[in-house]
Amino acid sequence: MKDNNNKGATRVLVVDDEQDIREGSQRIIKRMGCDVSTASRGDTALEILEKEHFGIMLLDLKMPGIDGMEVLRQVKEKYPEILVIIITGFATVETAIEAMKQGAYDFIPKPFEPDHLRIVVGRARERMRLRWEAEAMAKDRERTLTYLHTEKSRIRTIVESLPYGVMVTDSQGRVGLMNPAFLHHFGLPEDAGLGDFIGKYVRDEGFCKLVQDISAGKYAESDSIPGYEMELPDGKFLMARGKPVTGEDGSCLGAAVNIADITGLKELDRVKSEFVAKVSHELRSPLSTIHEQLAMVIKDMVEDSSREDREDHYILSRAKEKTQGMISLIGDLLDLSRIEAGVAFQQAKSISIEDMLKNIADFMQARAKGKKQDLEFEPPSSPLPLFTADPVALESIFGNLVSNAVNYTPEGGSIRVKAECDGENIYVRVEDSGFGIAEKNLEKIFERFYREKNDNTRFITGTGLGLPIVKNLTEELGGSVAVKSQTGKGSCFTVRLPVQKPQE
Ligand code: ADP
């Protein structure tokens, strides 16, 4: 038999052979909001219990037929959850002890005052309530644990079947999870184990550094975490992207990293570049011819003052401008393909970066003056070491950055070109007080053809290829390019070039 549940009134069974006690108790307990039944004998009470559920039982010890103590024994055996309150006119310590031994919950001597009965029954009800609560809490806990268990195995199944590699580390950078795709991408055995630093499983230093940095919380506050591309010895290209895993208090608990195989995309990119290079090459000569011919016609028109065709002159000038734009786009595209083909460094020389920056600043001065900008090269505090590279490549890097600074800084702004060396790297900084770049676009500006479109940049012409050229060339020289920017305040591009070029 089940106990009363906590929905509805408590059910109480009063068992006493004295009618006054039975009826009196029934009245008092009913007024307490309970549902009360009565029995005048022990055997009748046991029969009722077989059919109905009760939470509390008031039981007289001295009754004809089966005595109260025997009823108590049977009730405790069959329905241990019922709280039995013993009523007796022979309230001796011995009977009380005996009844308690048999499992009675409480004791009330006869005759009793209504208040006394109310207190005893109230206490039993309170006890029942606490028991229900404890049971409900235990059930809840069990449900949550079951849920967590199924949720955990569901998430595990999902992670294991993902086509992307997934790896999770703790805040020390120790690996806590690698899914099968991750093991496959890096050619690791299924029993590679867990718990070591990422360097034990993956050789690529740049990747390991990124994982360590994210795990240690370096990017905890950052919205833009750089992706990392790597080429494996078997020719496969992988792209890694990571995020810090943060606790409720915002502290960094580790890193979650996913890996995508981008070999197919790379190949597509190569084919696309080849195609673009071919088309550009084919277009360059006819476009240059058109440009030159337009220039000649315009010149003739200007010289032949008898002709009054101003409108034609305007149209042809616009066409000449447009062909010039197309020629520079083709120039950029061809530069990019040459860089991608790795032929930009065939003419390496020892170069003074300082001299080169000074020349570029001088060359750009005219454009800057035209916009009333203050463009200045600040020489380094100590001389820079000579740098070995193709001068055309270096000019392209710095020229693009200074030209962008002039383009994306309004009239009257200032541009500073600086260079420093810390023994290991040469740092060239191009700072401007221009329009700046929205944080969410900082990574995109290095993508081919990406141009920020807003009210400030709408009328500035460009190809969206300058920064990809800068990035590719810098990386080919073993360095990197970084940008810091605030919209409305300005940007700072930093090119890092290692003093010792990598062996290859
Ligand atoms: P382009 O200048 O031909 O558009 P880039 O690849 O050089 O192409 O630059 C890409 C985009 O990055 C630009 O269109 C511009 O939105 C943004 N950008 C580059 N340099 C700066 C700068 N110094 N200040 C503000 N925005 C810049």
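The residue numbers shown here count from 1 along each chain, following its written sequence. In keeping with the model being predicted, local features are shown solely for residues with a pLDDT of at least 70 and side-chain atom pairs are shown and tallied solely at 80 or more, while totals for entire chains, interfaces and linings include all residues. Just so you know, side-chain values use all the structure's heavy atoms and leave hydrogens and water out.

Examining the domain arrangement of the protein chain
Thinking step 1. The domains assigned to the protein chain are domain 1 (2–138), domain 2 (148–261), domain 3 (265–340) and domain 4 (349–498).
Thinking step 2. Domain start and stop points were drawn from an automatic or database domain assignment. Relative placement of domain 1 and domain 2: their C-alpha centres are 64 Å apart.

Topic: the nonpolar core
Thinking step 1. In terms of nonpolar packing, the biggest core is built from 45 residues, with I353, L394 and F398 touching the most fellow members.
Thinking step 2. Per the convention used, a helix needs a DSSP run of H or I reaching at least four residues, while a strand needs a run of E reaching at least two, with both numbered from the N terminus. Here the element with the most residues in this core is helix 11 (residues 391–407); it accounts for eight residues.
Thinking step 3. Shared between two domains, this core takes at least three residues from each, and those domains are domain 3 (265–340) and domain 4 (349–498).
Thinking step 4. For this analysis, residues touch if any pair of their heavy atoms sits within 4.5 Å. Sequence-distant contacts of F398, that is, excluding residues within four places in its chain, are made with I353, M356, L357, I360, V428, V495 and L497.
Thinking step 5. The nonpolar core is taken to be a set of buried Ala, Val, Leu, Ile, Met, Phe, Trp, Tyr and Cys residues, with the residues joined through side-chain atoms within 4.5 Å. Only protein chains enter the accessibility calculation, which uses a 1.4 Å probe; a residue whose area is less than 20% of its type maximum is buried, one above 50% is exposed, and one in between is partly exposed. Counting residues in hydrophobic clusters, the runner-up holds 25 residues, among them M167, L183, I198 and Y201.

Examining the pairing of strand 1 (residues 11–15)
Thinking step 1. In terms of burial, strand 1 is largely enclosed, as five of its five residues are buried.
Thinking step 2. A two-sided burial pattern is seen for strand 1, the buried positions comprising R11, L13 and V15 on one face and V12 and V14 on the other.
Thinking step 3. In the sheet, strand 1 pairs with strand 2 (residues 35–39) via five bridges, with the strands oriented parallel. Among the inter-strand pairings, R11 is bridged to a residue of strand 2, identified as D35.
Thinking step 4. Since strand 1 and strand 2 lie parallel, the crossover through helix 1 (residues 19–31) that links them has a hand, and here it is right-handed.
Thinking step 5. Bridge analysis of strand 1 against strand 3 (residues 56–60) gives four bridges, and the strand direction is parallel. Pairing of L13 across the sheet is with M57, part of strand 3. Pairing between strands requires that DSSP locate at least two bridges from one strand to the other. A crossover gets the label right-handed when its path from the first strand over the helix to the second runs clockwise, viewed with the strands pointing away from the viewer.

Observations regarding the site of the ligand
Thinking step 1. A cutoff of 4 Å decides nearness: a residue is near a molecule or strand if any of its heavy atoms lies inside that distance of it. The environment of the ligand is made up of 19 residues, and the closest members are N404, Y408, R451, T463 and L467.
Thinking step 2. A 3.5 Å cut-off defines polar contacts: any pair of N or O atoms within that distance qualifies, except that in protein one atom must be a possible hydrogen donor and the other a possible acceptor, and neighbouring residues in sequence count only when both atoms are side-chain atoms. Between the ligand and the protein, one listed contact pairs an oxygen atom with a backbone N or O atom of G466 at 3.2 Å.
Thinking step 3. Within the contact set of the ligand, an oxygen atom lies 2.8 Å away from a backbone nitrogen or oxygen of L467.
Thinking step 4. With three residues, the top contributor of residues to the shell around the ligand is helix 12 (residues 466–476).

Remarks on the sheet that holds strand 1
Thinking step 1. If you trace the five strands from one edge of the open sheet to the other, you get 2-1-3-4-5, paired in parallel fashion. Of all strands in the sheet, those with a lone pairing partner are strand 2 and strand 5 (106–109), marking the two edges. When strand polarity is set aside, the average angle formed by the axes of neighbouring strands in this sheet is 20 degrees.
Thinking step 2. Lines fitted to the C-alpha atoms define the axes, with helices restricted to the stretch that makes contact. Angles between their N-to-C directions range from 0 to 180 degrees. Contacts from helix 1 reach strand 1, strand 2 and strand 3 within the one sheet, and its direction differs from that of strand 2 by about 170 degrees.
Thinking step 3. Each of strand 3 and strand 4 (83–88) is contacted by helix 3 (residues 68–78), which is oriented at about 155 degrees to strand 3, the strand it contacts most.

Topic: the packing of aromatic side chains
Describing an aromatic ring pair means giving the distance of the ring centres and the angle of the ring planes.
Thinking step 1. We call Phe, Tyr and Trp rings a pair once their centres come within 6.5 Å, taking the six-membered ring for Trp, and we label the pair stacked below 30 degrees between planes, edge-to-face above 60, and tilted otherwise. In the structure shown here, the tally under the stated rule is three aromatic pairs.
Thinking step 2. Measuring from centroid to centroid gives 6.4 Å for F446 and F493, while their planes differ by 70 degrees, and the two rings are edge-to-face. Highlighted residues: F446 in the loop between strand 15 (425–432) and helix 12 and F493 in strand 17 (residues 490–498), separated in sequence by 47 residues.
Thinking step 3. Take F493: its relative accessible area is 8%, and that puts it in the buried class.
Thinking step 4. Taken together, the ring pairs connect F182, F186 and F207 into an aromatic cluster.
Thinking step 5. When the ring centre of F54 is taken as reference, the NZ or CZ atom of R11 above it lies at 4.5 Å.
Thinking step 6. Cation placement over rings: the criterion is NZ of Lys or CZ of Arg within 6 Å of the ring centroid and within 35° of the ring normal. Seen from the ring of F237, K266 lies directly overhead, with NZ or CZ sitting 5.2 Å from the centre.

Quick look at the sheet that holds strand 10 (residues 252–261)
Thinking step 1. The sheet built from five strands is open, its strands ordered 7-6-10-9-8 with antiparallel pairing. The open sheet terminates on both sides in strands that have one partner only, identified here as strand 7 (175–178) and strand 8 (228–231). Along the sheet, successive strands turn relative to each other by an average axial angle of 25 degrees, direction set aside.
Thinking step 2. Of the pairings in the sheet, the one linking strand 8 to strand 9 (residues 237–246) comprises four bridges and is antiparallel in character. By the bridge assignment for strand 9, Y228 is matched with A240.

What to know about the side chain of K110
Thinking step 1. Within the element layout of this structure, K110 appears in the loop between strand 5 and helix 5 (114–161).
Thinking step 2. Of the polar contacts made by the side chain of K110, one reaches the side chain of D16; its length is 3.2 Å.
Thinking step 3. A distance of 3.3 Å separates polar atoms of two side chains, one belonging to K110 and the other to D60.
Thinking step 4. For K110, the residues in contact, after removing those within four places along its chain, are D16, E18, I21, D60, I87, T88 and G89.

Describing the pattern of salt bridges
Thinking step 1. By definition here, a salt bridge exists when the distance from a side-chain nitrogen of Lys or Arg to a carboxyl oxygen of Asp or Glu is within 4 Å. One pass over the structure, following the stated rule, counts 31 salt bridges.
Thinking step 2. Among the salt bridges present, the one from R11 reaches D35, with a minimum N-O distance of 3.4 Å. You can see R11 sitting in strand 1 and its partner D35 sitting in strand 2, a full 24 residues away along the chain.
Thinking step 3. In this structure, R73 engages E70 in a salt bridge whose closest nitrogen and oxygen atoms are separated by 2.8 Å. One end of the pair, R73, and the other, E70, are both in helix 3, three residues apart, so they sit about a helical turn from each other.
Thinking step 4. Assessed through its relative accessible area of 26%, E70 is described here as partly exposed.

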